[in-house]
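So you can see what is in the structure, the chains are spelled out below.
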Amino acid sequence: MPTPEEPVPFGRRFRHGMRTYRAAISIFVLAAGALLTLLAVGYFTPLSASYPFSAINGATNPPSGPNYNLVFIIAGPIVIIVGAYLVGAYFTARRRFEHLMLTKSKAEFLRNIPELEKLLWDLTPADELRYDQKLSELRLRR
């Protein structure tokens, strides 16, 4: 009689999802920061009189409520910096990983194993599978 499998904990599923969709998440964070900064610029510049910003500013700065544009001017550039770091780190690691995986030489691949394993921390689980496949193709043990 087969034993029932235990469900995977939420934390592990969450981390796996974050690693799987790392590129999309980093681009989303960068775009969100750009949007927040654009909203702040649209409020504090003469652009506030133009149509899209005048309608948006009515919602972000209601007469009887807080002015959210003050938060946007602080949070927007910070989120852009974080998003730019995430995008840059991912695509730099991706480019370097692809370059290192192209090698046909077993000796060169052995020299690059520490760097490849370091790069895998910034990449997706599918890249780990490609790395394992390359190890088995070159008949190396992990």
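Residues numbered from 1 in each chain as written. Predicted model: local features only at pLDDT ≥ 70, side-chain atom pairs only at ≥ 80, totals over all residues. Heavy atoms only, no water.

Caption draft 1: Spatial organisation of the overall build of the protein. Summing up its helical and strand segments, the protein has six helices and zero strands in all. Helices (α) and strands (β) of the protein occur, in sequence order from the N terminus, as α-α-α-α-α-α. Based on the C-alpha atoms only, the size of the protein along its principal axes is roughly 70 × 50 × 20 Å. Within the protein, the proportion of its 142 residues that are buried is 27%. Of the contacts made within the protein by residues no fewer than 6 positions apart, 63% connect residues no fewer than 24 positions apart. Surface summary for the protein: the accessible area is close to 10100 Å², and the carbon and sulfur share equals 68%. One finds the centroid of the 17 positive side-chain charges in the protein at a distance of 3 Å from the centroid of its 11 negative side-chain charges. (Helix = DSSP H or I, 4+ residues; strand = E, 2+ residues; numbered from the N terminus. Buried < 20%, exposed > 50% of the residue type's maximum accessible area, 1.4 Å probe, protein only. Contact = heavy atoms within 4.5 Å. Areas by Shrake-Rupley, 256 points an atom, 1.4 Å probe, with all protein chains shown as cover. Lys, Arg positive; Asp, Glu negative; His and termini not counted. Charge placed at Lys NZ, Arg CZ, Asp CG, Glu CD.)

Caption draft 2: Molecular detail of the layout of surface pockets. For the largest pocket, the calculated volume is near 180 Å³. If you go around the largest pocket, the residues you meet are M18, R22, I25, S26, Y85, L86, A89, Y90 and D122. Contributions of two or more residues to the lining of the largest pocket are made by α2 (22–44) and α4 (69–101). With four residues, the single largest contributor to the lining of the largest pocket is α4. Tallied by class, residues from the lining of the largest pocket come to six nonpolar, one polar and two charged. (1 Å grid on protein atoms, 1.4 Å probe; cavity = no way out; pocket = protein on both sides within 12 Å on 5 of 7 lines; lining within 4 Å. Points joined across faces, edges and corners; volume = space filled by probe spheres on them. Nonpolar A, V, L, I, M, F, W, Y, C, P; charged D, E, K, R; others polar.)

These results come straight from atomic positions and should not be treated as a statement about function.
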